[in-house]
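A structural walkthrough
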Amino acid sequence: MITFNNNSRYILLSLFLFFFAVTLSAQQSKQIPGVLHIKFSKQALPAIKNSISLQDIGDTEINNILERNGFKDAQKIFSTFQPQDTLGISRNGTEVRLKDLSRWYRVEVASKTDILKLINTLKNNPSVESASPAFAFYPSDTYPNDTYFKSPYYYQWGLYNHSAAGKDIHAVKAWDINKGRNDVKIAVVDGGVDYNHSDLDPGNRTRVIQGIDTGEDDNDPMDDIPEGTETWGNHGTPVAGVIGAITNNNLGVAGIMWNCSIMPVKVANNTGWGIFGWGAGSAFDWDIADGIDWARINGASVINMSYGGEGQGFWENLIIGNPIGEATYNAYLQGVVLVAAMGNNDNNTTMYPAGYPWVIAVGATNQNDQRVTGVGWGSNYGSHINVVAPGISEYSTRRSQNFSYFGGTSCATPMVSGVAGLIISQAGDRGINFTNDDVKHLLEVSADDIVDPQDGAGVGWDAKTGYGRINARKALELLSAPYTVTSQTIYNSSGQLVWDSHPHQFYNNAGLASGNYYGVKQYKVSGHVTFPTAYIANPYVWVREKECKGWSYANPNKELPWVAISNVTTTGFDYETVIYWVGINELGQQISKYWPGNSSSLQARIVYTVIGQSSVINVPQDYSTISAALNAAISGQIINVSNTQNLSGNLDVPSGIILNIQSGAVVNLGSYAITTSGGTIAIETGATFTPDIRLMSGSSVLGLYTSLDAAYADGSDVEIRGTHTFTDYYTV
C-alpha cells in the first residue's frame, strides 16, 4: 500500500510489503519537480492531440503564464480517450455519461517552478477546468490440495484459519457455492505481474491475460522492476496470487478465485523522469490514471489498487479534480468494482483512491480478527472505511517461480477483490443483474462484525474496522436460494421545502457546473416503499447510488447521489433524499431548474436492492421440485407450485408451511402421497392431480367420497381415485 503524508513539497508513500515476515518502513517520495496536470476547457483546446504546444492552446493568458514558467512539453494523459467517448455502456447494459478525460495533459515546465503557486494562478482562468501537481507512487467445504494451503503448512490462514476457526474469509465454504468464472476480469493495476509463474498461468496466457504497461508505454506488463525499498518490484505478483493463483493443482498456494482472468496493468517504470532518471522504479500518477482507464475500456470487472496517497489536498477536493480521481469515477460510472487500500500508517490519515466514496476502502486484520496495529505498522482507519480483510503474514506467489509471505493493506485489498469476483460470478450464474454498488453493499452486509473495545471497534460499523471482516461464504449464500434478490425503481415528485432561498456551493460531479449559486431552495423528499413481496424476517436493503437521483444536505455539495434508508421491516422501508431548485449562478445567469437532473419539475429517483427470504417460495423458479422447496422452507413461508411435478417419494408439509398448488399445475403422485404434520395444503381451481390423491386432514378415518365437500364436512381424510382437476379452491 502506498501512503502519503501531507508536506509542502513532499508526499509520504508507503506500500507495506511483507516478505518472509520482514516489515518495511514507510518510503518517501518528492512531488515530481516541474510537472503538473492540466485539464483544459473545450474553448481553450478545440483540437485533441497526443502532444500539444503553446500555439495549440487558444488562450493568450494561459500561453503567457506557461511560457514565463519555462514550458517544455505537454502530453495527453489518457492515451486512447476521445471527446466522443463520454457516452459509455455500463457493465449491466445501461447508458452512462462519463467525464471527458481527453483534455487532461501532463505539462512539463522549468524544474525550479513553484508548482503549487502556478496551479493557484491557473485555476482562476476559465480555460483551465482543473490543475493538480504530479506525484510518484512507491510501494512502501472444498479443501484445495495446494502445498502451502494444506497441512502441515497452513500458510494461507486468511482463507482458512487452522489455528483460530472462523477468523478468516470463510473461503472453503464459499468454494462449495462458487469458484469463480473465467469471464470475470480482475485488473491488477500495480507494478506488473509475472505471467510466467506456473501457479498464476498454465503457460499460454489464458489466465493472466493480455495487459499493458503504461509506465513504459508498451504492451509487456511483466513484473520486472528491480526490488528495493522504493520500487514496485515483486508487488503485483503477490497481489495477483491472492486473487487468483491456480488452485487445486498440488502446487504453491490457492487463489480466492479458482476461475478468473487476471488483467495485468503495469504502471511502474524502470527509467524514471527526465534525463537523470528521477523516480526510477516508482509509478507516476498519470500512468496510474491511464492504466485504470485502460482497464475500464478493456472490460475489467474489478480493479485492484493496493496503494494510495494524500495528494496534498488536491485529490480529495473534487472541485479541483485530478486524473486518478476522474479515471476511477468513470470506471465506477461504467459499473467497475473499485477496491483500494486504506494505508499502513496506523492512524486516521485518509488515503486516495480509498477515500473516494465510489471506491471500496479496505483495512487489514490479523489472525485473531483484530485490526493490525503495533507491529511496526498498522492498518489505517477513518470515516471512509468499508471493510477489513486478512493482511499479515499471508503466503502468496512471488516472481521467478517463488512463494513467500505478503502483508499490509496491500494484501488485504486483493482479498476483497477476489471475493468481489466470486460475488460477480455467483450473480452471473444465477442470472441476477448485480451492479458494482450491489457488490460493495453485499460485501458490507455479509461481513462479520468485529468488536474490540480495546481498539475502539464497536458493534456495527465503526471507524476502525468498517462493517467488519469480509465473509465470502455468507456473501455467496445471500445470492443463493432460499434468498431472493430484487431491484426496484421508484419515483417521488413531492418535496418538503426545508431551506428557502439561500446561497449554496456545488462541485461538478453530476452536471451542475462548479461554483456558488443563489436563490437555491432545498427540498426534502421522503416516503415509504412497500416491497413487492413480504419477507419472513427483515431483509438486507441498500440503494444503488449511481442510479439514484437525489443529493445530500451538504453545503458545499459534491453532487454525489445520496439516499438515507431507515425503519426496514419485513414489508418495506422509509427513505429520504434531497432535491434542489437552483436560481442563478455567480455570474448572475438564470438557471431556474431542479437538480440533480436539470429538470423543470421536482422528481427524485430511488433505486434499491433487497435480499431476503421471501414469504413465498416459487417452484420451479426458486427450487426445481416440491421436495427441495419443502426441505428449504421455514415456518411462515408459502410454496407456490406452478408447473408439472413428478413425485419421487412421499412428501410431508410441516407446521407453519403452506403448500399451494396453483391453477394449471400438475402433480403426478405415482405411488406416493403428500401428507401434513401441522402444515397446510392449498389447491387452487384448475390444479390437477394424477393418478390418485390422498389428502390428509388429520383424521384417522379414510373414506371414498364423490365430492371433497362431503369429505370435509365430517373431518375425514380424502382419497380420490384417478386423475382429478379441481374446480374449486380447497385447503387441507
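What comes next is a walk through the structure. Keep in mind that this is a model prediction, so the values were computed, not measured.

Section: the sheet that holds strand β8 (residues 128–133)
Taken in spatial order, the four strands of this open sheet run β4-β7-β3-β8, and their pairing is antiparallel. Each edge of the open sheet carries a strand with a single partner, namely β4 (73–76) and β8. For this sheet the average axis-to-axis angle between neighbouring strands, irrespective of direction, equals 25 degrees. Sheet analysis places strand β3 (residues 35–40) next to strand β7 (residues 104–108), joined by five bridges and oriented antiparallel. Following the sheet pairing, Ile-38 is matched in β7 by Tyr-105.

Remarks on the pattern of salt bridges
One pass over the full model with this rule turns up 22 salt bridges. Notably, a salt bridge pairs Asp-223 with Arg-399, separated by 2.8 Å at the nearest N-O pair. Of this pair, Asp-223 sits in the loop between β11 (212–213) and α4 (236–244) while Arg-399 sits in the loop between β18 (394–398) and β19 (402–406), and the two are 176 residues apart along the sequence. One exposure class covers both Asp-223 and Arg-399, and it is buried.

Topic: the pairing of strand β28 (residues 616–619)
Residues Ile-617 and Val-619 of β28 are buried on one face, while the alternating residues Val-616 and Asn-618, pointing to the opposite face, are not. Relative to strand β29 (residues 638–641), β28 runs parallel, the two sharing four bridges. Bridge pairing in β29 places Val-619 opposite Val-641. Crossover handedness for the path β28 to helix α10 (residues 626–632) to β29: right-handed.

Let's talk about helix α8 (residues 436–445)
By the criterion of burial, α8 is predominantly enclosed, with nine of the 10 residues buried. Listed in full, the buried residues belonging to α8 are Asn-436, Asp-437, Asp-438, Val-439, Lys-440, His-441, Leu-442, Leu-443 and Glu-444. Sitting at the amino-terminal end of α8 is Thr-435, which places a side-chain oxygen 3.4 Å from the backbone nitrogen of Asp-437.

Here we look at the side chain of Asn-492
Within the secondary structure layout, Asn-492 lies in strand β20 (residues 484–492). When its relative accessible area of 11% is taken as the criterion, Asn-492 is described as buried. A distance of 2.8 Å separates a polar atom in the side chain of Asn-492 from the backbone nitrogen of Ser-494. Within the structure, Asn-492 has its side chain in polar contact with the backbone oxygen of Ser-526 (distance 3.1 Å).

What to know about the layout of surface pockets
Space inside the second largest pocket adds up to approximately 1,200 Å³. Together, 44 residues line the second largest pocket, and Pro-357, Asn-386, Lys-440, His-441 and Glu-545 are the ones closest to its centre. Put simply, the parts of the chain that give the lining of the second largest pocket at least two residues each are α6 (323–333), α8, β23 (540–543) and β24 (564–566). If you tally residues by element for the lining of the second largest pocket, the top one is α8, at five residues. Of the residues assigned to the lining of the second largest pocket, the class counts are 27 nonpolar, nine polar and eight charged.

A few points about unusual backbone geometry
In the segment running from Tyr-352 into Pro-353, the intervening peptide bond is cis, with an omega of 20 degrees. In this chain, Ala-481 is followed by Pro-482 through a cis amide linkage whose omega measures 15 degrees. Along the chain, the position of Pro-482 falls in the loop between α9 (472–477) and β20. Even without being glycine, Asn-234 reaches a positive phi, approximately 60 degrees. Tracing the backbone through its elements, the reader meets Asn-234 in the loop between β11 and α4. The class for Asn-234 is buried, based on a relative accessible area of 2%.

What about the packing of aromatic side chains?
Tallied over the full model, the rule gives 20 aromatic pairs. Measuring from ring centre to ring centre gives 6.2 Å for Trp-551 and Tyr-580, while their planes differ by 40 degrees; the resulting arrangement is tilted. Here Trp-551 is found in the loop between β23 and β24, whereas its partner Tyr-580 is found in strand β25 (residues 572–585), with 29 residues between them in sequence. With respect to class, Trp-551 is no different from Tyr-580; both count as buried. Chaining the aromatic ring pairs together yields one cluster made of Tyr-329, Tyr-332, Tyr-352, Tyr-356 and Trp-358. Arg-205 extends its terminal NZ or CZ atom over the ring of Tyr-195, reaching a point 4.0 Å from the ring centre. Residue placement shows Lys-521 over the ring face of Trp-581; its charged tip is 5.7 Å from the ring centre.

Section: the pairing of strand β27 (residues 604–612)
Across the nine residues of β27, eight count as buried, placing the element largely inside the fold. Two strands pair when backbone bridges link them, and β20 and β27 are joined in this way by nine bridges, in the antiparallel orientation. Residue pairing in the sheet places Ile-490 in a bridge with Ile-606 of β27. In this structure, β23 lies alongside β27, joined through four bridges in antiparallel fashion. Looking at the pairing, Tyr-540 lines up with Ile-611 of β27.

The rules we used
- Residues numbered from 1 in each chain as written.
- Predicted model: local features only at pLDDT ≥ 70, side-chain atom pairs only at ≥ 80, totals over all residues.
- Heavy atoms only, no water.
- Pairing = 2+ DSSP bridges.
- Helix = DSSP H or I, 4+ residues; strand = E, 2+ residues; numbered from the N terminus.
- Axes fitted to C-alpha atoms, helices over the stretch in contact; angles between N-to-C directions.
- Salt bridge = Lys/Arg side-chain N within 4 Å of Asp/Glu carboxyl O.
- Buried < 20%, exposed > 50% of the residue type's maximum accessible area, 1.4 Å probe, protein only.
- Right-handed = clockwise from strand over helix to strand, strands pointing away.
- Polar contact = N/O pair within 3.5 Å; in protein donor to acceptor, adjacent residues only side chain to side chain.
- 1 Å grid on protein atoms, 1.4 Å probe; cavity = no way out; pocket = protein on both sides within 12 Å on 5 of 7 lines; lining within 4 Å.
- Points joined across faces, edges and corners; volume = space filled by probe spheres on them.
- Nonpolar A, V, L, I, M, F, W, Y, C, P; charged D, E, K, R; others polar.
- Phe/Tyr/Trp six-rings, centres within 6.5 Å; stacked < 30°, edge-to-face > 60°.
- Lys NZ or Arg CZ within 6 Å of the ring centre and 35° of its normal.

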